[in-house]
Amino acid sequence: MTQADRYDLLHDYLHNKKLDGSYQAAMYILSSSEDMTEEVLPYLSMHGIDFELYIKEVEYTGSDAVMVGLAYNLFKWKSESPPSPHDLANVGFPHIEIALEAIFRQRPAPGGN
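Worth saying up front: this structure is predicted, and the values here are computed from it rather than measured.

Visitor: Explain the overall build of the chain residue by residue, including any values.
Guide: Regarding its fold elements, the chain presents seven helices and two strands. Listing the helices and strands of the chain from first to last along the sequence gives α-α-α-β-β-α-α-α-α. Taking 113 residues into account, the globule formula puts the C-alpha radius of gyration at 13 Å, and the chain, at 13 Å, falls close to it. Each principal axis of the C-alpha atoms in the chain carries an extent, and together these give about 35 × 35 × 30 Å. In the chain, which comprises 113 residues, the proportion classed as buried is 42%. Pairs at least 24 apart in sequence give 59% of the contacts found in the chain among residues at least 6 apart. As displayed, the chain offers around 6700 Å² of accessible surface, 54% of which is attributable to carbon and sulfur atoms. Across the chain, the centroid of the 8 positively charged side chains sits 10 Å from that of the 17 negatively charged ones.

Structure, rendered in structure tokens:
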């Protein structure tokens, strides 16, 4: 399954909810690995992504932990929790490329807020 297929699967679990940049950024990260996609599915519903419960119940280490933290921060527009810029700088390829694409997706459209 490709990342695009996994992204579509996550969108299906959200009952094809209209996705703003926050959702797009988080889902781009969460669809970047098969394991992450499978593990987040129980935390998706028509109401959104239950990141608090997901992060509490699913344990990640290393680069995956940094990426899930970034997905949460982009989704909630908060930076109260990791990752720090230093953490992001050290995730390596392909994670850094995924992180930058997700950050780009979270931004408002040109002319937006």
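Visitor: An account of the nonpolar core is needed here, citing residue identities and associated values.
Guide: Ile29, Leu30, Met36, Ile49, Phe51 and Tyr54 are the most contacted members of the largest nonpolar core, which totals 34 residues. Among the secondary structure elements, those contributing two or more residues to this core are helix H1 (3–13), helix H2 (21–30), helix H3 (34–40), helix H4 (51–57), helix H5 (62–76) and helix H7 (95–106). Tallying contributions element by element places H5 first for this core, with eight residues. Residues in contact with Ile29, not counting those within four places in the same chain, are Met36, Met67, Leu70, Ala71, Leu74, Ile98 and Ala102.

Visitor: Can you tell me about H2, naming the residues and giving the values?
Guide: Most of H2 is tucked away: nine of the ten residues are buried. Regarding H2, the residues found buried are Gly21, Ser22, Tyr23, Ala25, Ala26, Met27, Tyr28, Ile29 and Leu30. One side-chain oxygen at the N-terminal end of H2 lies 3.0 Å from the backbone nitrogen of Ser22; it belongs to Asp20.

Visitor: Give me unusual backbone geometry: which residues, what numbers.
Guide: With an omega of 5 degrees, the peptide bond between Phe93 and Pro94 qualifies as cis. Along the chain, Pro94 turns up in the loop between helix H6 (85–89) and H7. If you check the backbone angles, His15 has positive phi at about 60 degrees while not being a glycine. In this fold, His15 is placed in the loop between H1 and H2. The class for His15 is exposed, based on a relative accessible area of 53%. Positioned with a positive phi, Asn16 is a non-glycine residue whose angle comes to about 55 degrees. As for its placement among the helices and strands, Asn16 is situated in the loop between H1 and H2.

Thresholds, definitions, all that
Residues numbered from 1 in each chain as written. Predicted model: local features only at pLDDT ≥ 70, side-chain atom pairs only at ≥ 80, totals over all residues. Heavy atoms only, no water. Helix = DSSP H or I, 4+ residues; strand = E, 2+ residues; numbered from the N terminus. Rg over C-alpha atoms; globule rule 2.2 N^0.38 Å. Buried < 20%, exposed > 50% of the residue type's maximum accessible area, 1.4 Å probe, protein only. Contact = heavy atoms within 4.5 Å. Areas by Shrake-Rupley, 256 points an atom, 1.4 Å probe, with all protein chains shown as cover. Lys, Arg positive; Asp, Glu negative; His and termini not counted. Charge placed at Lys NZ, Arg CZ, Asp CG, Glu CD. Core = buried A, V, L, I, M, F, W, Y, C linked by side-chain atoms within 4.5 Å. Polar contact = N/O pair within 3.5 Å; in protein donor to acceptor, adjacent residues only side chain to side chain.

Distances and angles like these do not, on their own, reveal function.
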